[in-house]
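The primary structure of each chain is shown beneath.
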Amino acid sequence: MATRVLVLGSGGREHALTWALAHCPEPPQLFVLPGNPGMWELAQPVDIPIHEQREIARFCVLERIRLVVVGPEQPLSEGIADVLRDAGVPVFGPSRAAAQLEASKAFAKEFMTRHGIPTARSRVFTAEEWREAVRYLEEHPLPVVLKASGLAAGKGVTIAWTREEALQALTALFEGAFGEAGKVVVVEEYLAGEELSVLALCDGNQYVLLAPARDYKRALDGDRGKNTGGMGAYAPVPWARGAFLERVEQRILRPTLAGMRAAGTPFVGCLYVGLMVVQGEPYVLEFNVRFGDPEAQVVLPIADADWLTLLGTAAQGRLARSALRHRARQVACCVVLASEGYPEQYRTGFRITGLEAAQQHGVLIFHAGTRWEQGALWTAGGRVLNVVSLAPTLEEARRRCYAALECIQFEGKTYRRDIAAGVEP
Ligand code: AMP
Ligand code: GLY
C-alpha cells in the first residue's frame, strides 16, 4: 500500500510540494489540508480547520498518515509539529521552539550574534523602549531598516530613507499596525547587494542544499513598490555556486544547525536562509522555517530527487541525502499572477480562463488563491496563480513563462514583467 502523506497549506508552495511528491518513483497517497483546486487532482482534501491541531493529529493517527509536510509558518509557530510528534506522527517541519528562528526576528538576531553568524548590525526595541528607539533612529545612518519582530507575511519590513519615514514606521509598528508582531521592533543597518534564497532540508543534524533561488519580493517592476510575499522567482542562480556556497554552509548553515541542536531545539524541516550578498560575502537578512513561496515552485521541479524519501527520512532524523541526486537538472522561472492591488486592498471573485491554453506552452501552473465553484475557477486571493516553466536556459524558461501567461485571463490580472530579466548566464 502506498505511504499516506498529508500536506498542510493552500498556496502555490503547497501545490508545488504536492506535485513533487506525486511525481516520486513510488508516489504516496496524498491528502491536503485545506489545499486548493489545483491540488485536487493529485490529493484528497481534508476538511479540518488548520488551527485545530488536535483534530489534525487525531485524523493522522486514524488514517495512518506516515508523514505530514507543513507548508506555512503560522501553524509551525503555533506548535503543530510538536502536537503531531507527540501523537507519533512523523513531521517535516520544526518544533515551535525551533520555529522561533522565523517567528521572532529578535530571537533570530540574538541567536546569530551569539553564534557569530554574519548578519546586518541591529538593535531590538520593545514598545516600553520607545524613547530609546527614537533616539537610536535619530543617530542611525540612512537608510535604516525597521522590522516587526513577529510574523507579518513578509510585509512587516520598512526601508526608511528619511528620518521622518523611520519615525513614522516606528510609530506604526508600536501602535499595532502588525498587531503583537510589531510590538517588538528590530532596527538594523541597510545592506546593499544581491538577494539570494538558500534552502536546506534538515533532519536536526544533517542537511542537503537545494538550488539557490532568487525571489522578487517587491510588487512592481524594477524592485519598486511594496514588499509582497513574492512576485516571481528563478533557480538556480548562476553565480551562487562552488566556493560561495561553501562559505554559506560553513559560516551560516552549519553553525545554525549546531546552535539549534546545542540549545536542545534541533531544526527539522526546510531552513530558508534569506541572504544579502555584499561584495561576495553572505549576510543573513532573515531565516524562514519552511519552503519559500514562490521559491518552492522553482527549486522543487528542477531537482532530480525522490521527495518522499528526502522529506520522510528528514522527518525521522536520518536524512537520506542521496535521494537528492541533482539540485538542478534544468532552469526554472516562475511568474506570479496576482490580483490588482496586492499586497494591499484587492478584490476577488473574478472568473479565471485560459489555463488549458497556457498549458499548451508546456508550463506548470501552481494554484494559490483560487476557488472552484459552479464548474468554473475564480480568483480568491492576492496571489492567484504561479506560472512555472522549466528549460535548459533561463532565457528560454522566461520566454515560455511569459508566452503562457498571456493566455490566462481574469479581471485585475497583475504581474511583474521583469522576472529573470537580464540575468547573466
Ligand atoms: P525580511 O522579511 O527580513 O527578509 O525583509 C524583507 C525584504 O526587505 C528583504 O527581502 C530585503 O529585500 C529587504 N531587507 C530586509 N532587511 C534588509 C537590510 N538589512 N538591508 C537591505 N534590505 C533589507
Ligand atoms: N518568498 C519569500 C518567502 O517565502 O518568505
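It should be noted that the structure appears before, not after, this text.
Remember, predicted model here, so these are calculated numbers, not experimental data.

Criteria and cut-off values
- Positions within a chain are numbered from 1, following the residues in the order the chain's sequence is written.
- All chains are assigned letters beginning with A, and all ligands numbers beginning with 1, in the order in which they are written.
- Where local features are concerned, this predicted model is filtered to residues with pLDDT of at least 70; where side-chain atom pairs are given and counted, the filter is 80 or more; whole-chain, interface and lining totals use all residues.
- Where side-chain values are given, they derive from all heavy atoms of the structure, hydrogens and water being excluded.
- Each helix corresponds to a stretch of at least 4 residues labelled H or I by DSSP, and each strand to a stretch of at least 2 residues labelled E; elements are numbered beginning at the N terminus.
- Only protein chains enter the accessibility calculation, which uses a 1.4 Å probe. A residue is then buried if its area is under 20% of the maximum for its type, exposed if over 50%, and partly exposed in between.
- Lys and Arg are tallied as positive, Asp and Glu as negative. Neither His nor the chain termini are counted.
- For salt bridges, the criterion is a side-chain nitrogen of Lys or Arg within 4 Å of an Asp or Glu carboxyl oxygen.
- Each polar contact in these results corresponds to two N or O atoms within 3.5 Å; when the atoms are within protein, one needs to be able to donate a hydrogen and the other to accept it, and residues that are neighboring in sequence are counted only if both atoms are side-chain atoms.
- We call a residue near a molecule or strand as soon as one heavy atom of that residue lies within 4 Å of the molecule or strand.
- In this description, accessible areas are obtained by the Shrake-Rupley approach with a 1.4 Å probe, and a residue is regarded as covered only by the protein chains that are shown.
- Under this grouping Gly is polar, as are all residues other than the nonpolar Ala, Val, Leu, Ile, Met, Phe, Trp, Tyr, Cys and Pro and the charged Asp, Glu, Lys and Arg.
- Angles here are taken between N-to-C directions and fall from 0 to 180 degrees, while the axes themselves are lines fitted to C-alpha atoms, restricted in helices to the stretch in contact.
- Orientation categories follow fixed angle ranges, with anything under 35 degrees roughly parallel, anything over 145 roughly antiparallel, 65 to 115 roughly perpendicular, and all other angles oblique.
- Note on convention: the crossing is left-handed when the near helix lies turned anticlockwise from the far helix by less than a right angle, right-handed when the turn is clockwise.
- Pairs of residues are marked as contacts when any of their non-hydrogen atoms sit within 4.5 Å.
- Should DSSP find at least two bridges between two strands, the strands are regarded as paired.

Caption draft 1: How the structure looks around the side chain of Glu 295. Positionally, Glu 295 belongs in helix H10 (residues 295-302). Despite its burial, Glu 295 remains without a salt bridge, the nearest opposite charge being carried by Lys 217 at 4.9 Å. A polar contact of 2.7 Å, which involves the side chain of Glu 295, links it to the side chain of Ser 197. At 2.7 Å, the side chain of Glu 295 forms a polar contact with the side chain of Tyr 272.

Caption draft 2: Spatial organisation of the site of ligand 2. Surveying the vicinity of ligand 2 reveals the residues Asp 215, Lys 217, Gly 229, Tyr 272, Asn 288, Arg 290, Gly 292, Asp 293, Pro 294 and Glu 295. Within the side chain of Glu 295, one N or O atom sits 2.9 Å away from a nitrogen atom of ligand 2. Here ligand 2 loses 90% of its free accessible area of 200 Å² to cover by the protein chains. Its residues assigned to classes, the shell around ligand 2 comprises 2 nonpolar, 3 polar and 5 charged.

Caption draft 3: Quick look at the packing of helix H1 (residues 12-22) against H10. Running from N to C, H1 and H10 point in directions that differ by 15°, and their axes come no closer than 8 Å. With respect to each other, H1 and H10 are oriented roughly parallel. When you trace H1 past H10, the crossing you get is left-handed. Contact residues: H1 offers Gly 12, Arg 13, Ala 16, Leu 17, Trp 19 and Ala 20, while H10 offers Ala 296, Gln 297, Leu 300 and Pro 301. Of the residues assigned to the contact of H1 with H10, the class counts are 7 nonpolar, 2 polar and 1 charged.

Caption draft 4: Highlighting the pairing of strand E16 (residues 268-278). Most of E16 sits out of view: 10 of its 11 residues are buried. Across 10 bridges, the pairing between strand E10 (residues 194-203) and E16 is antiparallel. Note on E16: the bridge partner recorded for Glu 195 is Met 276. Both E16 and strand E17 (residues 281-288) contribute to a ladder of 7 bridges, which runs antiparallel. Note that in E17 the partner of Leu 275 across the bridge is Val 284. In textbook terms, the turn of a hairpin is the stretch between consecutive antiparallel strands, and for E16 and E17 this stretch comprises 2 residues, one of which, Gln 279, has a positive phi near 45°.

What is shown is where atoms sit, not what they do.
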